[in-house]
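Results of the structural survey
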Amino acid sequence: MRLRDVLLTSIAIAGVVGSGPANAADQLVIGYAAAVTGGLAPYDSPDGVSCRVAQINEAGGILGKPVKLIIRDTKSDAVTASNVGQDLIDQGANVLLGPPTDDGLIPIAQLALPKSIPVLSVGATQPAFPVASPENGYLVPFGDNASAAGAAEVAYKAGHRKAVLMIANDVGAYSAVTPEYFAKAFEKLGGKIVGRVNYHHGLADYNAQVTEIKNIADKPDMIFAAILVPDAGVLVRTIKATGLDMPVFGTDGFDDPSFPEVAAGGAGLATFVTHGFPGEGSALKAFYDDCTKRGFKVQNIFFGLGGEAVEVVKAAVEKANSFDSAAINGAIKEIQDLKGITTGSITYKDRGGVPLKEMTVMQVKDGKMTPIETVRPSWVAAP
Amino acid sequence: MSNLVQSAKGALLLGAIVALIAVAATLFAEPFYQRIVFIFMVNLIAVIGLQVFMGNAGITNYGHIAFMGIAAYTVAILVTPIAIKKTALANAPFGLAGMEFGIWTSVAIALLVTVVIAFLVGSMLVRQTGTPASIATLALLVIVHVVIMNWVDLTRGPRAIYGVPVKATLGWAAFCAIAAIFVARLFRDSRWGLQLRAASENIAAASAMGVRIKRLRLAAWVLSAALLGVAGVLFSLFVGTISPRSFYFDLTFLTLAMLVVGGVYSVSGAVIGSVVMTVGFEITRYLENGPSLAGIKLPEMFGLTGVFLGVTIVLCMILRPHGLVGGDEIDEIWRRRSQDRAAGGDVS
């Protein structure tokens, strides 16, 4: 008996949910397959996207029509991501925003391709996604290859010529591949990579690594690490404590409010390239302030990138003057020098889905994160 | 012999349920729900594979998803077109970067590799019982995961392998699921299955009766791995993109929960656990998105599915520690009930 009930229920659900309204292209429908829960949740921002959509709708929408936002949770799982991607397509989304990892993004882009629906990742910095989905896959943040190239230029300009790379294989491609992008850009400038040191995130003690760096015969004058917090802080603190005093360059993994405190005395050794900084008078600060007033909670820089994703979509729809997916997809590829929320300039034209963005170089001064300069690398390694 | 006829009949009943779900999905469901049903079939095969070893040998298995991963990766590496391999797997060892196999060859090789690895691991594993054996299976899961994460040239490491041709259809998945039900059911009720279950209850008595426990355990282990290999192959050929995260703790515990809720000791438990958990997940997933029910707008409650998983397991442990189905197959329960009723009728 129970079996029959279960069966009937499942068929009934399929029927009920299957009768949802089909959406004609008379309004922009943004479908967002977001990592709302699970391990990837810090790198996605339903709140940032919702806030920007609320702002736009208050100001009259896009092309005079309110924007509809549908959010579905991927639970940080690749298969669920592709399933909810299909759900959003079935519900008539003209544009999709996707989760922060390529294993979820690539299948969504594949499902969206027959309808030419563009898929933009709010949080992913891995250029592998647009490479695998060149027709309709886009990053909203810079690619790791670009941030590494930015770090290389800053390091070279500061007079560094011999770098040692810190490599870890335990947090996705980020900490393993970004140093190699740095190496390519640094060598192109005329620098030299004198060693590679392995580590794992979660080490309470980086003395072994620091000793290994000290013992490299061809003495390095800097370290590059695409390392995440809190390890980033522990690493520079250890370097300071052992008296090595070698500068550490990195990318957005350092960008967390907890970094200066964990790094303590070593904080001053770090220089890193990140998406943007909410300084006084900046667009990012204004966005954060307005959203906080609206009751949203700003968790980190991905909140700003969420808003920026909507900004890119808005620019493309207005340029295409249409809610048609294929037209929007074409228009994204033409975006040039768009003023964003985290950054002053975003260019997709001829970038193969990985935008060229102005990036912010940060250091810790007097225990506070301080933007030093902005950088737009002249040469970026192929992904 | 009549025993096996009975179990084939039982398998037919369970298979009919699966077939009905597949047919209903093909006829009525939108693409999204067809995807859900496909993934249900894959999970079902994995849960049945898990049941074959865990239910018969009585050893809790945490390593089953490792075989799913091995098969999924093998088939993906073999079947991916050379054009994509040039960018994605340019440095693949054994000359694999310049090779591209047909779909059936790839599937056959993937299952063969899975079975061979299962045989080698199993030969060592079957010497242990109870907790040490369970810990060994857990170690297997971690080892396979670490190898996939670090053999970057072959597997792309933590990055996803993409471009796997999406060839699997719902029909194939349903066919494999039904076949898995038959295989598992016939094994369970065969002489070997019976001996193995006897040994898991009383190892001394069983070996005194001449049961060759290690050999039977190995057979169950390899059969289980083969079924998980099928699940992995279907997964790879349906999603088209795989990464190491897909074959780790999340899926391990999801499939374990399905089996435990349904009942470890029967194939019916595996099927019913998978159905109940999938239906429950989809209902909670529908609710957590904040739908309007009967005119009332519900709030968004992301995370509800996780709560459902936890609550179901806790309730199940309290109310039905042996799972919804318990120790017997549903057709056995059915037959006993009708016999009881007939007997009761005689008395009155």
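Refer to the preceding data block for the structure.
Residues numbered from 1 in each chain as written. Chains lettered and ligands numbered in written order. Predicted model: local features only at pLDDT ≥ 70, side-chain atom pairs only at ≥ 80, totals over all residues. Heavy atoms only, no water.

A closer look at the overall build of chain A
The secondary structure content of chain A amounts to 13 helices and 14 strands. The dimensions of chain A, computed from C-alpha atoms along their principal axes, are 70 × 55 × 40 Å. Looking at chain A residue by residue over its 383 residues, the buried ones come to 58%. Once local pairs closer than 6 in sequence are excluded, the contacts in chain A between residues at least 24 apart make up 66%. Summing over all exposed atoms, chain A offers an accessible surface of approximately 14,000 Å²; the carbon and sulfur share of this is 53%. For chain A, the centre of its 33 positive side-chain charges and the centre of its 40 negative side-chain charges are spaced 2 Å apart. (Helix = DSSP H or I, 4+ residues; strand = E, 2+ residues; numbered from the N terminus. Buried < 20%, exposed > 50% of the residue type's maximum accessible area, 1.4 Å probe, protein only. Contact = heavy atoms within 4.5 Å. Areas by Shrake-Rupley, 256 points an atom, 1.4 Å probe, with all protein chains shown as cover. Lys, Arg positive; Asp, Glu negative; His and termini not counted. Charge placed at Lys NZ, Arg CZ, Asp CG, Glu CD.)

Looking at a nonpolar patch on the surface
Together, Val307, Val311, Val314, Leu315, Ile318 and Leu319 of chain B make up a nonpolar patch on the protein surface, roughly 570 Å² of accessible area in all. Locating valine 311 of chain B in the fold gives a position in helix H14 (residues 304-319). (Patch = residues over 30% accessible without salt bridge, like charges linked within 9 Å, V, L, I, M, F, W, Y side chains within 5 Å. Salt bridge = Lys/Arg side-chain N within 4 Å of Asp/Glu carboxyl O.)

Structural notes on the sheet that holds strand S5 (residues 137-139) of chain A
All names here are of chain A. Taken in spatial order, the five strands line up as S2-S1-S3-S4-S5 in an open sheet, and their pairing is parallel. Two strands in the sheet have a free side with no partner beyond their single neighbour: strand S2 (68-73) and S5. When strand polarity is set aside, the average angle formed by the axes of neighbouring strands in this sheet is 20°. As judged from the six bridges shared by strand S1 (residues 29-34) and S2, these two strands associate in the parallel manner. Opposite isoleucine 30, over in S2, you have leucine 69 as the bridge partner. (Pairing = 2+ DSSP bridges. Axes fitted to C-alpha atoms, helices over the stretch in contact; angles between N-to-C directions.)

Details of the state of the cysteines
Linking two cysteines covalently via their sulfur atoms produces the bond known as a disulfide. Residues and elements named next belong to chain A. The final tally for this structure, using the stated rule, is one disulfide over all chains. What pairs with cysteine 51 in a disulfide is cysteine 291, and their sulfur atoms sit 1.9 Å apart. Here cysteine 51 and cysteine 291 share a disulfide; its torsion about the S-S bond, -90°, makes the bridge left-handed. In this pair, cysteine 51 sits in helix H2 (residues 46-58) while cysteine 291 sits in helix H11 (residues 283-293), placing the two residues 240 residues apart along the sequence. (Disulfide = S-S within 2.5 Å.)

Considerations on the packing of helix H3 (residues 78-90) of chain A against helix H2 (residues 31-57) of chain B
At their nearest, the axes of H3 of chain A and H2 of chain B sit 8 Å apart, and the two run at 160° to each other. With respect to their mutual orientation, H3 of chain A and H2 of chain B come out roughly antiparallel. Here H3 of chain A contributes Val79, Ser82, Asn83, Val84, Gln86, Asp87 and Asp90 of chain A to the contact with H2 of chain B, which in turn contributes Pro31, Phe32, Arg35, Ile36 and Ile39 of chain B. Residue classes in the contact of H3 of chain A with H2 of chain B are distributed as six nonpolar, three polar and three charged. (Parallel < 35°, antiparallel > 145°, perpendicular 65-115°, else oblique. Nonpolar A, V, L, I, M, F, W, Y, C, P; charged D, E, K, R; others polar.)

Some points on unusual backbone geometry
All names here are of chain A. Between valine 229 and proline 230 the backbone carries a cis peptide bond, its omega angle lying at 0°. In this structure, proline 230 sits in the loop between strand S8 (222-225) and helix H9 (231-241). One non-glycine residue with positive phi stands out, namely serine 116, at about 55°. We note that asparagine 321 has phi near 50°; this positive angle belongs to a residue other than glycine. Relative to the helices and strands, asparagine 321 is located in the loop between helix H12 (301-320) and helix H13 (325-332). The exposed category is assigned to asparagine 321, whose relative accessible area is 57%.

What about the packing of aromatic side chains?
All names here are of chain A. Per the stated rule, a full pass over the model turns up 23 aromatic pairs over all chains. Between tyrosine 43 and phenylalanine 302, the ring centres sit 5.7 Å apart and the planes meet at 85°, which makes this aromatic pair edge-to-face. Separated by 259 residues along the polypeptide, tyrosine 43 in the loop between S1 and H2 and phenylalanine 302 in helix H12 bring together distant segments of the chain. Residue tyrosine 43 is classed as partly exposed on the basis of its relative accessible area of 33%. Phenylalanine 302 sits in the buried class, given a relative accessible area of 9%. With centroids separated by 4.2 Å and ring planes inclined at 10°, the aromatic side chains of phenylalanine 182 and phenylalanine 224 adopt a geometry described as stacked. Placement of the pair is phenylalanine 182 in helix H7 (residues 174-189) and phenylalanine 224 in strand S8, with a sequence separation of 42 residues. With a relative accessible area of 0%, phenylalanine 182 lands in the buried category. Through a chain of ring-to-ring contacts, the aromatic side chains of Tyr156, Phe182, Phe186 and Phe224 assemble into a single cluster. Over the aromatic face of tyrosine 156 sits the side chain of arginine 161, whose NZ or CZ is 3.6 Å from the ring centroid. (Phe/Tyr/Trp six-rings, centres within 6.5 Å; stacked < 30°, edge-to-face > 60°. Lys NZ or Arg CZ within 6 Å of the ring centre and 35° of its normal.)

As for the interface of chain B and chain A
It is common to give the size of an interface as the accessible area lost on bringing the parts into contact. Contact with chain B, which involves 39 residues of that partner, is made by 40 residues of chain A. Across the interface of chain B and chain A, roughly 3,700 Å² is buried in total on both sides, 65% from carbon and sulfur atoms. Summed over the three residues of chain B that lose the most area to chain A, namely Arg35, Arg245 and Phe302 of chain B, the buried surface amounts to 15% of that side. At the junction of chain B with chain A, the criterion picks out three salt bridges. Note that lysine 75 of chain A and glutamate 288 of chain B form a salt bridge whose closest N and O atoms lie 2.8 Å from each other. Only helix H1 (2-28), H2, helix H6 (130-150), helix H11 (213-239) and helix H13 (267-288) of chain B provide two or more residues apiece to the side of chain B that touches chain A. Ranked by residues supplied to the side of chain B that touches chain A, first place goes to H13 of chain B with seven residues. (Buried area = accessible area lost by both parts, 1.4 Å probe.)

Overview of the environment of glutamine 336 of chain A
If you trace the backbone, glutamine 336 of chain A turns up in the loop between H13 and strand S11 (346-347). Beyond its immediate sequence surroundings of up to four residues, glutamine 336 of chain A is in contact with Ile346, Thr347 and Lys349 of chain A.

Observations regarding the nonpolar core
In this structure, Phe38, Met41, Ile48, Met68 and Trp221 of chain B are the most contacted members of the largest nonpolar core, which totals 113 residues. Beyond its immediate sequence surroundings of up to four residues, methionine 68 of chain B is in contact with Val42, Ala46, Leu228, Ala231, Gly232, Phe235, Phe247 and Leu251 of chain B. Formed by 41 residues, the second largest nonpolar core is a distinct cluster that contains Ile71, Val122, Leu284 and Ala309 of chain A. (Core = buried A, V, L, I, M, F, W, Y, C linked by side-chain atoms within 4.5 Å.)

A few points about the sheet that holds strand S7 (residues 192-198) of chain A
Residue and element names in this part refer to chain A. Strand order in the open sheet formed by seven strands is S7-S6-S8-S9-S10-S13-S14, and the pairing between neighbours is mixed. The two strands at the open ends of the sheet, each matched to only one other strand, are S7 and strand S14 (368-375). For this sheet the average axis-to-axis angle between neighbouring strands, irrespective of direction, equals 25°. One ladder, built from six bridges, connects strand S6 (residues 162-167) with S7; its direction is parallel.

A look at the pairing of strand S3 (residues 95-98) of chain A
Residues and elements named next belong to chain A. Side-chain alternation along S3 places Val95 and Leu97 on one buried face and Leu96 and Gly98 on a second face that is also buried. Of the pairings in the sheet, the one linking S1 to S3 comprises three bridges and is parallel in character. The residue bridging glycine 31 from the neighbouring strand is leucine 96, located in S3. Here S3 pairs with strand S4 (residues 119-121) via three bridges, running parallel. Each residue of the ladder has a partner; that of leucine 96, found in S4, is valine 119. Regarding the hand of the β-α-β motif, the stretch spanning S3, helix H4 (residues 102-112) and S4 is right-handed. (Right-handed = clockwise from strand over helix to strand, strands pointing away.)

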